[in-house]
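Chain by chain, the residues run as shown.
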Amino acid sequence: MRRRLVILSCSTLLALGACSSDDPFGDGDGDGDGDGDGDGDGDIDAGPDDRFTCFGAPTRMTVLGDSITACAGVGGPQGAGCGPKIFHDTLGASYAPNLTYENVAVSGAVTADVPNNQLANVTTGPGHLIANIFVGGNDLQPYIFASDANAMSQFETDMPAMISEWERIFAFFDDASAFPDGVSIVMNEQYNPFDDCTAAPYNLSAVKIALLNEYNGELAKLAAARTNVVIAKQHGSYLGHGHHYDVASCPFYVAGSTPFMNDLIHPNGAGHGNLANEWSKLSDRMYRDCD
């Protein structure tokens, strides 16, 4: 499969901060604001996004993915600093007071681990489900240690396989016998732990940044093709808060920025709070005036 590399702001591969399209709904309207109405203001003017299927408020939430949604370093899935749990609590308070919560994410998971292992642990049955899935970083992490040429070649092989695994995930949640009240799926851009910056000591190449941008673009296409899938803008709001948050030469440096990183890959409490905030923005678009 032949792909065009575009050198745009994107994430490094290590923690995988993928950067995707600016369109959280993948609506493909070309205005870049993600709202689907074409006025460029980034706000939905009347209720939920026109493309998104309005199921009504969810009664159940399930979380899948890797160490990010498993909340490594911030107390685990039930920890007070866990972004998915914060999102659950916020969504429950705003739209779904009896919303249940299960988190089956596993540290170290790659995309194939979701359909191969994690879906078997998802509770099926009645009640509309919101599934929050954050995965892909571990698939791309090896690129950081490869030459640019090898990384580009491997991407050509890996990306179709990852798309195939996402199709398996979608097929599982499309099963009306298992989920009679429907499923809303939240995909995620990957944040950039290094702020789209090639500065030392990480010295990430522009080619690898571009590959990650392509990865996110492919996720956006998957979301755009489905009426029950949205994609969270995790990339842009994270810029300037990663490992280069205090490097004035980096493109997204802002004096006094709050660091979001707990270690090389994982968010700290503030970082998880930012992830949760992006999910909460989506929930307002998904469920506001939805009846």
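This write-up is about the structure you can find in this document.

About the thresholds
Residues numbered from 1 in each chain as written. Predicted model: local features only at pLDDT ≥ 70, side-chain atom pairs only at ≥ 80, totals over all residues. Heavy atoms only, no water. Pairing = 2+ DSSP bridges. Helix = DSSP H or I, 4+ residues; strand = E, 2+ residues; numbered from the N terminus. Axes fitted to C-alpha atoms, helices over the stretch in contact; angles between N-to-C directions. Contact = heavy atoms within 4.5 Å. Buried < 20%, exposed > 50% of the residue type's maximum accessible area, 1.4 Å probe, protein only. Right-handed = clockwise from strand over helix to strand, strands pointing away. Left-handed = near helix turned anticlockwise from the far one by under 90°. Nonpolar A, V, L, I, M, F, W, Y, C, P; charged D, E, K, R; others polar. Expected span 1.5 Å × (residues − 1). Bend = angle between axes of the 7 residues up to and from the residue. Phe/Tyr/Trp six-rings, centres within 6.5 Å; stacked < 30°, edge-to-face > 60°. Lys NZ or Arg CZ within 6 Å of the ring centre and 35° of its normal.

1. Topic: the sheet that holds strand β2 (residues 100-103)
- Overall, parallel pairing links the 5 strands, which are arranged β2-β1-β3-β4-β5 in an open sheet. Where the open sheet ends on each side, the last strands, each with one partner, are β2 and β5 (229-232). Each strand of the sheet is rotated relative to its neighbour by a mean of 20°, with strand direction disregarded.
- Note: strand β3 (residues 129-134) against strand β4 (residues 183-188), 4 bridges, orientation parallel. Following the sheet pairing, L129 is matched in β4 by V183.
- Contacts from helix α6 (residues 269-287) reach β3, β4 and β5 within the one sheet, and its direction differs from that of β4 by about 145°.

2. Re the pairing of β5
- With burial as the criterion, each face of β5 is covered, one bearing V229 and I231 and the other bearing V230 and A232.
- Note: β4 against β5, 4 bridges, orientation parallel. Bridge pairing in β5 links V186 to V230.
- For the crossover that starts at β4, traverses helix α5 (residues 206-224) and ends in the parallel β5, the hand is right-handed.

3. Structural notes on the packing of helix α1 (residues 83-94) against α6
- Where α1 meets α6, the axes come as close as 8 Å, and the angle between the chain directions of the two elements is 35°. Crossing hand, α1 versus α6: right-handed. Seen from α1, the contacting residues are G83, P84, I86, F87, T90 and L91; seen from α6, they are H272, A276, W279, S280, S283 and Y287.
- Its residues placed into classes, the contact of α1 with α6 shows 7 nonpolar, 5 polar and no charged.

4. Section: unusual backbone geometry
- With an omega dihedral of 10°, the bond running from A200 to P201 counts as a cis peptide bond.
- Here P201 lies in the loop between β4 and α5.
- We note that D196 has phi near 55°; this positive angle belongs to a residue other than glycine.
- Exposure remark for D196: the relative accessible area of 10% places this residue in the buried category.

5. Concerning the pairing of β4
- Most of β4 is tucked away: 6 of the 6 residues are buried.
- Neither face of β4 is left uncovered, since the one carrying V183, I185 and M187 and the one carrying S184, V186 and N188 both have all their residues buried.

6. Brief notes about helix α4 (residues 148-173)
- Between its first and last C-alpha, α4 extends 36 Å over 26 residues, near the 38 Å set by a 1.5 Å rise per residue.
- Along α4, the largest kink reaches about 30° and is centred on E156; proline P160 follows within four residues of it.
- The complete set of buried residues in α4 reads A151, F155, D158, M159, M162, I163, E165, W166, I169, F170 and F173.

7. Topic: the packing of aromatic side chains
- Across all of its chains, the model carries 10 aromatic pairs by this definition.
- Ring centres of F134 and Y191 lie 6.3 Å apart, and the angle between their planes is 50°; on these two criteria the pair is classed as tilted. One end of the pair, F134, is in strand β3; the other, Y191, is in the loop between β4 and α5, with 57 residues separating them in the sequence. There is no split in this pair, since F134 and Y191 are both buried.
- Relative to Y238, the ring of Y191 has its centre 4.2 Å away and its plane inclined at 20°; by these criteria the two rings are stacked. Here Y191, found in the loop between β4 and α5, pairs with Y238, found in the loop between β5 and α6; they are 47 residues apart in sequence, far enough to count as distant.
- The exposure class assigned to Y191 is buried, which follows from its relative accessible area of 0%.
- In this structure Y238 comes out as buried when scored by relative accessible area, which is 0%.
- These aromatic residues form a ring-pair network of at least three members: F134, Y191, Y238 and F260.
- When the ring centre of Y101 is taken as origin, the NZ or CZ atom of K85, which lies over that ring, is 5.6 Å away.

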